[in-house]
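Now for the letters of each chain:
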Amino acid sequence: MFQYILEWFKISALFFLCVDCMNGEHAEHPTDSLENIVDQHLAALQDRVDSAKNRLPQIREAVQCLRDILQQLNSQRSSIEEDIHSSFSELHKTLDTRKSVLLMELEVTYGLKQKVLQAQLDTLLQEEAAINYNCSLTGEALDGGNKAVILQTHKDVGERLSDLASQGLPLQPEENDQLDLMMEIEGLRKSIHNLGTIVTTNAVASQTEASGEGLEQCVVGQPATVIITTRDKSGGLCKTGNAIISAEVCTPDGSVADGEIVDHKNGTYEFQYTVKKEGNFSLALRLYDQHIKGSPFQLKVTTNAASTGSSDGGARKRSAKSPGSRSRQKGVRRGGSLFSTPKKKVNPIEDDLIFRIGTKGRNKGEFTNLQGVAACSEGKILIADSNNQCVQIFSNTGEFHSRFGVRGRSPGQLQRPTGVAVHPNGDIIIADYDNKWVSIFSSEGKYKAKLGSGRLMGPKGVSVDQNGHVIVVDNKACTVFIFQPSGKLVTKFGSRGNGDRQFAGPHFAAVNNNNEIIITDFHNHSVKVFNADGEFLLKFGSNGEGNGQFNAPTGVAVDVNGNIIVADWGNSRIQVFDGSGSFLSYINTAADPLYGPQGLALTSDGHVVVADSGNHCFKVYRYLQ
């Protein structure tokens, strides 16, 4: 190709010769041979070709980056689209349920009123008929003029007429006709009109800047502050928050300092960190996993008290702590509240995703709204694949083993399996939310029996205690039922509310070595512990994003030491507590973030398996007990 360019250049040169050179002497300017001129231009052209080619790796890298972003954007769109459909489907169900309740209430109220009024009407009509009949009979006797008939009529009818004339009758209505409907529709319409928000920003890493003393120097043990200002592709200031920013302060040996990110909701973010020892550190600031301008920054940490970082005296809402050693913001449902590094410096649970299995679909190894998770001593993992109406079984290493389940509302069929557990005898126990019962299958997936039919309203999670009893968490009834495997009810406890022995949409259950029952109370943002008789023992957690707080807890498991592992659905993380409910740590999922985790269990080889419902897969993490 280049030889062709050379020949073209030589030929072209002939057409650009100086006219004076062709017609006469070179009186006014220096001259050079055509070969030299060609060689000079050839070298210059070669340099330009090389320079252009040098850009190709950068372009390819940028193309791959854009493709990755487009792929993630498409994935986010699909996921949010599914969330919208799911949320509005639930709203439709709620509205339909309320509609049915109102219609039933109308029929009951109408029936009571109608019964009273109809009974009163029947009484008056009977009295009217009796009076008319007896008056007619007496009138016929009087009109006949027969004295004997008159005497006999007086004897037979006279006293009856007197009773009819003096009898007290319900002449005033004993009920009214009021049946009104009060519907506060306007407020509901306004709420629906503003329901949901698509959260995003136009911020790009290449234009986003950082400033503040904390970029260069800080003092050991004292907080240092960095201000991050997000900007769009043109350099314009972004004026809204919710950008996904991560910050990492590292020493040369790889250790990480504590830090916290605050979203000011105006396009600026404050990163405050504390380093516990002096030395040289690097500060990496990333926006959407890409370094911002100047990142990573080099820090010098000294013991000089004069170099103090600024502190924020204002009362700001701090973002919650992300699972791991990095200060990373993470959106609730991929775009909500923000997270940063926990205050606790030492995290005993390493960031170590072993594997993930699944994509969205209906084939084996694919899931649609996976919910409950169970593990058994035979080295198997069981997944309740809710919207595919089946249970899928895998080995501890992730190999697909089998699946079973037929959609339907008859015994032995599954309509919406949400919870799964394994009985010590090997039977598989499945909570079927829509069929309102719990089904029992053999280890080969053959149907054996059902329990709770007629008692349960919406079973969500199941577990088995040390006595072999089946624990059922009824999400709709806000009650925990305990059955024998035969179906006989042992006991039940709980009601709707926010008291110690009450629940608001409870989800899953686990049993510890003391045979105590641990329940995740979804809408009360807490975990509650009861003894086997249903007596309240303790609770922990509150609504929030900090250490030990929840935004709707779901899955729960207990390790051999009695530590309680909880899936924090709304905060998309997993927290670990001791048996008394004190926060210990996070399971670090930062390498492959969760998206609405549901069921959770410990495998027979000591790992944590979690149903990552929003990502249509389950994940297994190495868990150091």
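Residues numbered from 1 in each chain as written. Predicted model: local features only at pLDDT ≥ 70, side-chain atom pairs only at ≥ 80, totals over all residues. Heavy atoms only, no water.

A. Structural context of the packing of aromatic side chains. Counted under the stated rule, the structure contains 18 aromatic pairs. Both rings, one in Phe540 and one in Phe550, keep their centres 6.5 Å apart while their planes meet at 50 degrees; by these two values the pair is tilted. Of the two residues, Phe540 sits in strand S31 (residues 536–540) while Phe550 sits in the loop between S31 and strand S32 (553–558), which places them ten residues apart along the sequence. Per residue, the accessibility class of Phe540 equals that of Phe550, and both read buried. Among the aromatic residues, those joined into a cluster by ring pairs are Phe355, Phe367, Phe394, Phe400 and Phe618. A cation sits over an aromatic face here: Lys450 above Trp437, 4.7 Å from the ring centre. (Phe/Tyr/Trp six-rings, centres within 6.5 Å; stacked < 30°, edge-to-face > 60°. Helix = DSSP H or I, 4+ residues; strand = E, 2+ residues; numbered from the N terminus. Buried < 20%, exposed > 50% of the residue type's maximum accessible area, 1.4 Å probe, protein only. Lys NZ or Arg CZ within 6 Å of the ring centre and 35° of its normal.)

B. Spatial organisation of the nonpolar core. Val226, Ile228, Val249, Phe271, Tyr273, Leu283 and Leu285 are the most contacted members of the largest nonpolar core, which has 26 residues in total. Counting only elements with at least two residues in this core, the list comes to strand S1 (204–211), strand S3 (224–231), strand S4 (245–250), strand S6 (268–274), strand S7 (279–287) and strand S9 (297–302). The biggest single contributor to this core is S7, with four residues. When sequence neighbours within four positions are dropped, the list of residues in contact with Ile228 reads Thr208, Glu209, Ala210, Ile245, Gly267, Thr268, Tyr269, Phe271, Leu285 and Ile292. (Core = buried A, V, L, I, M, F, W, Y, C linked by side-chain atoms within 4.5 Å. Contact = heavy atoms within 4.5 Å.)

C. Spotlight on the sheet that holds S32. Strand order in the open sheet formed by four strands is S32-S33-S34-S35, and the pairing between neighbours is antiparallel. Among the strands making up the open sheet, the edge pair consists of S32 and strand S35 (583–587). Taken pair by pair, the neighbouring strands of this sheet meet at an average axis angle of 25 degrees, ignoring direction. Where strand S33 (residues 564–568) and strand S34 (residues 573–577) come together, five bridges link them in antiparallel fashion. Bridging from a neighbouring strand, Ala567 pairs with Ile574 of S34. (Pairing = 2+ DSSP bridges. Axes fitted to C-alpha atoms, helices over the stretch in contact; angles between N-to-C directions.)

D. Spatial organisation of the pattern of salt bridges. In this structure the tally under the stated criterion is 15 salt bridges. One salt bridge in this structure joins Asp427 and Lys448, with 3.0 Å as the shortest N-O distance. In this pair, Asp427 sits in the loop between strand S18 (417–422) and strand S19 (428–432) while Lys448 sits in strand S21 (residues 447–451), placing the two residues 21 residues apart along the sequence. Look at Asp427 and you get buried, because its relative accessible area is 11%. Several salt bridges share partner residues, and in doing so they unite Arg356, Asp592, Asp612 and Lys619 into one network. (Salt bridge = Lys/Arg side-chain N within 4 Å of Asp/Glu carboxyl O.)

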